[in-house]
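# Chain and residue survey
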Amino acid sequence: MSADISKINYREVIEYSLDPLIVHTDLKIIYVNHAAEVFFKGKREDIIGASPLDIFHETSKSAIHKRIQSAYAKPAEVIEESIFKLDGTTADVELYCHPVFIEDTQAIQTYVRDISDKKDSERKSREMMNQINELSATLVPLLNGIAILPLVGSIDEERARQLLQLVPLKAKQQDVQCLIIDFSGILQLDKVVTDYLFKINHVLSLLGIKSIFTGIRPELAIEAVELDLSLLSSPTMSTVKDALDYLGIH
């Protein structure tokens with residue numbers, strides 16, 4: 001004999017949910033489960049009766065209002081938002097809402113998933129990557145206005161874009177007249193990234209800074225040819241030592 005799922009106690013199901021759940025209609029909260037009480041750091045009676053818009057920043061309220069209105073017709077897509085708790089602290093969350101009927105009353109049920117740890121981890125990762133990219137654009141000064149840019153590891157499009165922004169600026173600040181760009185430590189490049197790196201040469205040229213390429217591997221040279229990027233405008237050497245010899249530094 002199969003169980004009749006229509007007899008399931010819906011109130012009990014959502015009350016025991018580990019995710020905070022809010023039910024609201026006409027911009028008035030009519031129910032929150034225990035997980036929502038814990039998450040929002042307030043008692044149920046302090047939350048029920050309030051507007052669901054109250055938890056959002058002023059800049060988001062208009063868009064959220066439209067989203068709620070559209071959710072009466074069909075489930076809304078999951079979005080990420082920053083919201084307020086009752087104690088004034090903020091949290092990053094995923095929100096998903098869909099229509100639900102309570103007898104003859106149409107309402108919205110909203111699921112709240114805390115992603116603060118995930119977003120914090122992403123922020124720290126971006127900060128660390130920015131620091132790494134900043135270090136990777138470090139110019140090693142030599143004598144007579146000559147410096148070396150040692151490129152190391154894998155370079156993705158974002159890192160290449162930052163190099164394009166930082167290297168010419170640093171070269172100008174350090175009064176570099178000739179920059180040796182060494183590719184020998186590069187593990188992998190794609191065509192988009194290769195294009196960015198050779199754009200650095202053009203920018204340096206416009207600034208009156210001479211550049212020399214060293215350590216270009218055969219596969220990188222092939223990519224440059226496929227991109228129709230001419231290396232003839234700048235000298236290319238096998239090693240940094242060769243470049244220094246070329247410049248008369250022994």
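Residues numbered from 1 in each chain as written. Predicted model: local features only at pLDDT ≥ 70, side-chain atom pairs only at ≥ 80, totals over all residues. Heavy atoms only, no water.

Another point: helix H4 (residues 58–71). Compared with an ideal rise of 1.5 Å per residue, which puts 14 residues at 20 Å, H4 spans 20 Å between its outermost C-alpha atoms and is within 8% of the ideal. Buried within H4 we find Ser 60, Lys 61, Ile 64, Arg 67, Ile 68 and Ala 71. Tucked into the core, H4 has its buried residues touching strand E1 (21–25), strand E3 (79–84), strand E4 (90–102) and strand E5 (105–114). (Helix = DSSP H or I, 4+ residues; strand = E, 2+ residues; numbered from the N terminus. Expected span 1.5 Å × (residues − 1). Buried < 20%, exposed > 50% of the residue type's maximum accessible area, 1.4 Å probe, protein only. Contact = heavy atoms within 4.5 Å.)

It is worth spelling out helix H7 (residues 191–206) at this point. Side chains that are three or four residues apart share a direction in an α-helix, a result of its 3.6 residues per turn. The end-to-end C-alpha separation of H7 is 23 Å, in line with the 22 Å expected for 16 residues at 1.5 Å each. Those residues of H7 lying buried are Val 193, Thr 194, Tyr 196, Leu 197, Phe 198, Ile 200, Asn 201 and Leu 204.

So, on to the sheet that holds E5. In sheet architecture, strand pairing relies on hydrogen bonds along the backbone and comes in two forms, parallel and antiparallel. Spatial strand order, E2-E1-E5-E4-E3: five strands in an open sheet with antiparallel pairing. Two strands lie at the open edges of the sheet, namely strand E2 (28–32) and E3, each paired on one side alone. For this sheet the average axis-to-axis angle between neighbouring strands, irrespective of direction, equals 40°. In this structure, E1 lies alongside E5, joined through four bridges in antiparallel fashion. What sits directly across from His 24, in E5, is Ile 108. (Pairing = 2+ DSSP bridges. Axes fitted to C-alpha atoms, helices over the stretch in contact; angles between N-to-C directions.)

Below, the discussion takes up the pattern of salt bridges. A side chain of one charge can pair with a side chain of the opposite charge if their charged atoms are brought near each other. Under the criterion given, the structure shown has 13 salt bridges. Of the charged contacts in the structure, one is a salt bridge between Glu 80 and Lys 119, with a shortest N-O distance of 2.9 Å. In this pair, Glu 80 is assigned in strand E3 and Lys 119 in helix H5 (residues 116–136), connecting sequence segments 39 residues apart. The network of salt bridges with shared partners includes Glu 80, Lys 118, Lys 119 and Glu 122. (Salt bridge = Lys/Arg side-chain N within 4 Å of Asp/Glu carboxyl O.)

Relative to strand E7 (residues 146–154), strand E6 (residues 140–141) runs antiparallel, the two being bridged by two bridges. Across the sheet, the residue bridging to Val 140 is Ile 148, located in E7. The hairpin turn running from E6 into E7, its antiparallel successor, is four residues long, and Asn 144 in that turn takes a positive phi close to 55°.

On to the nonpolar core. In terms of nonpolar packing, the biggest core is built from 23 residues, with Leu 139, Leu 151, Ile 155, Leu 179, Ile 181, Phe 183 and Leu 197 touching the most fellow members. Looking at this core, the elements with two or more residues in it are E7, helix H6 (157–173), strand E8 (178–188) and H7. A per-element tally of this core places H7 first, with six residues. Among the nonpolar cores identified, the runner-up in size contains 22 residues, and Phe 39, Ile 47, Leu 95 and Ile 108 belong to it. (Core = buried A, V, L, I, M, F, W, Y, C linked by side-chain atoms within 4.5 Å.)

As a further point, take a nonpolar patch on the surface. Among the surface-exposed residues, Ile 5, Ile 8 and Val 13 lie close enough to one another that they form a single nonpolar patch of about 320 Å² accessible area. Within the secondary structure, Ile 5 is located in the segment before helix H1 (10–15). In this structure Ile 5 comes out as exposed when scored by relative accessible area, which is 67%. (Patch = residues over 30% accessible without salt bridge, like charges linked within 9 Å, V, L, I, M, F, W, Y side chains within 5 Å. Areas by Shrake-Rupley, 256 points an atom, 1.4 Å probe, with all protein chains shown as cover.)

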